[in-house]
Amino acid sequence: MTEESQPIRGLLISPIRSGTVIDHITAGEALNVLKILGITGSTTESISVATNVASHRMGRKDIVKIENRELRKEEVDRIALIAPQAKINIIREYRVFEKKGVEIPKILRGVVRCPNPGCITNTNEPVESTFEVLDKGLHCLYCDWWIKTDIASHII
Amino acid sequence: MKNHIISIRDFTRREIDYLLEKAGAFDTRSYDRHALDDKLIALLFFEPSTRTRMSFETAMARLGGKSISVDSVEASSIVKGETLADTIRVVSGYADAIVLRHPKEGAARLASEFASVPVINAGDGAGQHPSQTLLDLYTIRQSMPLDGINVGMLGDLRYGRTAHSLAHALSLYGAALHTIAPPGLELPANILHDLRDRGMEVIQHEDVSDVINELDVLYVTRIQRERFPDSASFYNVTSSYRITPELLGGVQEHLLILHPLPRSGEIDAAVDRLPYARYFEQSKNGVPVRMALLHEVMQ
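Conventions and cut-offs
- Residues numbered from 1 in each chain as written.
- Chains lettered and ligands numbered in written order.
- Predicted model: local features only at pLDDT ≥ 70, side-chain atom pairs only at ≥ 80, totals over all residues.
- Heavy atoms only, no water.
- UniProt positions renumbered as here; feature names shortened; annotations may be inferred.
- Helix = DSSP H or I, 4+ residues; strand = E, 2+ residues; numbered from the N terminus.
- Contact = heavy atoms within 4.5 Å.
- Areas by Shrake-Rupley, 256 points an atom, 1.4 Å probe, with all protein chains shown as cover.
- Lys, Arg positive; Asp, Glu negative; His and termini not counted.
- Charge placed at Lys NZ, Arg CZ, Asp CG, Glu CD.
- Pairing = 2+ DSSP bridges.
- Axes fitted to C-alpha atoms, helices over the stretch in contact; angles between N-to-C directions.
- Phe/Tyr/Trp six-rings, centres within 6.5 Å; stacked < 30°, edge-to-face > 60°.
- Buried < 20%, exposed > 50% of the residue type's maximum accessible area, 1.4 Å probe, protein only.
- Salt bridge = Lys/Arg side-chain N within 4 Å of Asp/Glu carboxyl O.
- Polar contact = N/O pair within 3.5 Å; in protein donor to acceptor, adjacent residues only side chain to side chain.
- Expected span 1.5 Å × (residues − 1).

You'll find chain B entered in an unreviewed UniProt entry as Aspartate carbamoyltransferase, with Methanoculleus frigidifontis given as the organism. Regarding chain B, the UniProt comment filed under Pathway (unreviewed entry) reads as follows: "Pyrimidine metabolism; UMP biosynthesis via de novo pathway; (S)-dihydroorotate from bicarbonate: step 2/3."

For chain A, the name recorded in an unreviewed UniProt entry is Aspartate carbamoyltransferase regulatory chain, with Methanoculleus frigidifontis as its organism. As its UniProt record puts it under Sequence similarities (unreviewed entry), chain A is described as follows: "Belongs to the PyrI family." In the Subunit (unreviewed entry) part of its UniProt record, chain A is described as follows: "Contains catalytic and regulatory chains."

Colleague: How would you summarise the overall build of chain A if you had to cite specific residues and measurements?
Modeller: The number of helices and strands found in chain A is two helices and nine strands. Tracing chain A from N to C terminus, the helices and strands come up as β-α-β-β-α-β-β-β-β-β-β. Along the three orthogonal principal directions, the C-alpha set of chain A runs to about 65 × 30 × 30 Å. If you take every contact in chain A between residues at least 6 apart in sequence, the share linking residues at least 24 apart comes to 58%. Total accessible area on chain A is roughly 9,000 Å²; 50% of this is exposed by carbon and sulfur atoms. Here chain A carries 21 positive and 20 negative side-chain charges, and the mean point of each set is 3 Å from the other.

Colleague: Go over the sheet that holds strand 8 (residues 217–220) of chain B with me, naming the residues and quoting the values.
Modeller: Residues and elements named next belong to chain B. The parallel open sheet is built from five strands, whose spatial order is 7-6-5-8-9. With one partner strand each, in any of the chains shown, strand 7 (201–205) and strand 9 (256–258) form the two edges of the open sheet. The average undirected angle you get between the axes of adjacent strands in this sheet is 20 degrees. In this sheet, strand 7 lies alongside strand 6 (residues 176–180) in parallel orientation, the contact comprising five bridges. By the bridge assignment for strand 7, H178 is matched with I203. On the sheet, helix 6 (residues 161–171) packs against strand 5 (150–154), strand 6 and strand 8 and is oriented at approximately 165 degrees with respect to strand 5.

Colleague: Just give me the short version of the packing of aromatic side chains, but keep the residues and values in it.
Modeller: All names here are of chain B. The tally for this structure, following the rule as stated, stands at two aromatic pairs over all chains. Considering the side-chain rings of F26 and Y31, the 6.0 Å spacing of their centres and the 70 degrees angle between planes classify their relative orientation as edge-to-face. According to the relative accessible area criterion, Y31 is buried, its value standing at 12%. Between Y279 and F280 the ring centres are 5.3 Å apart and the planes differ by 65 degrees, which places this aromatic pair in the edge-to-face class. You can call Y279 buried: its relative accessible area is 1%.

Colleague: Could you give an account of the side chain of D124 of chain B, naming the residues involved and the relevant values?
Modeller: All names here are of chain B. In this structure, D124 sits in strand 4 (residues 119–124). Notably, D124 is buried but unbridged: the nearest opposite-charge side chain belongs to R161, and the N-O separation is 5.4 Å. A distance of 2.6 Å separates a polar side-chain atom of D124 from the backbone nitrogen of Q128. The residues touching D124, leaving out its near neighbours within four places in the chain, are H102, K104, E105, G106, A107, A108 and R161.

Colleague: Can you lay out the UniProt feature "binding site: Zn(2+)" (unreviewed entry) in chain A for me, pointing to particular residues and giving the numbers?
Modeller: Residue and element names in this part refer to chain A. If you check UniProt for "binding site: Zn(2+)" (unreviewed entry), the listed places come out as C114, C119, C140 and C143 in our numbering. Spanning 30 residues, the annotated positions come together in the fold, the maximum distance between their C-alpha atoms being 9.0 Å. By the element assignment, C140 lies in strand 8 (residues 137–140). With residues up to four places along the chain from it excluded, the contact list for C140 reads C114, C119, T130, F131 and W145. Here C143 is to be found in the loop between strand 8 and strand 9 (146–147).

Colleague: Tell me what's going on with the pattern of salt bridges, and back it up with residues and numbers.
Modeller: Counted according to the given criterion, the structure contains 20 salt bridges over all chains. Taken together, the shared-partner salt bridges connect K136 and D144 of chain A together with R9, D194, D197 and R198 of chain B into one network.

Colleague: Mind laying out helix 10 (residues 286–298) of chain B, listing which residues take part and the relevant values?
Modeller: Its 13 residues place the ends of helix 10 of chain B 18 Å apart at the C-alpha level, agreeing with the 18 Å of an ideal helix rising 1.5 Å per residue. Most of helix 10 of chain B sits out of view: 13 of its 13 residues are buried.

Okay, structure coming up:
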């Protein structure tokens, strides 16, 4: 077999010098992860996105690489909602400086917007939306409404 | 016991039983009429209410305490853009407890976070109205133990907050729930699932006559005109969900018919004379139940 015809293996995106690599994102959720992080085409970070790449552990996964930005804990918690298996790698000088899993917090404050238009958290009151995270979904501690599907669309 | 009374969901069965016992002690001639002398409650009603407000005032007066209130929302600083959180902080400085009714769900929970005195929820939008639920339970318990009873709920079960809270409380007592609601006004699916998850038997019926003879309690709620596109469809629905003496021919002797009031034609006036009708007694029970709540949070 000649060199030209060999299938290309490995990832098509190059290592980053410093920043964050979010690995093992649930396949198809990479763009939602970017949305949660507030990254749009108009922000300055260099972003690499790989979707539906092969994974031993997950079958298929997404990967996001963000140059020159280290994610804070609140940002990581938000990602946990839609990609609970995600792994966060903080990169400095091409080396993994820190590796951490994501953890869904028991209580989410100011992370998702309550879908109930009549909820007190959707007013000008000085209060953050507060949801408890249960097996059945997210439960608003103010108005008792539930978010059971499409959590990504409710993220603030 | 709780510092604030926000939602019936915050209470265990034991705590509910305790409050109902306490209400019973105030429902006699021998209670302490000076129990809340020198205490002051602030009634903050940002939505219209007749009986809830009056019964809280009555309950406070019967315990020797006093009430202050704003006459109307228009006259208050709300129209000047003050947040509820600020209003609550200010009023906390005046009174020993706050009784709040507000159009937004979760308002009482928010108030309890900003108040330095106890907050009692007197209805928050389509949300919770715990003193109503307690007086409903109290009225049933005057006639029968709450355990394992068959309760029918008729009317608007979608928007009716009293029905939701009562169903939740009854689930703590192993009661079976029979729902009878017009199409579109059925119990919301999330509430139905929640009740079933709690082990409650919930059976949905199309016609009240299918189940009425098995019931221990029939809880009727108001069907509101504004839920229907036109008068004709409203009339059609209300006429088939109306309780009349003829419907009650074969019911159990001890059946209780309850209604949170005001009613608007769901129960024929001729039913008022039958022994099953307990809605006026239920309304009256609001006083001892609210006396118990006020005493509990301020004693």
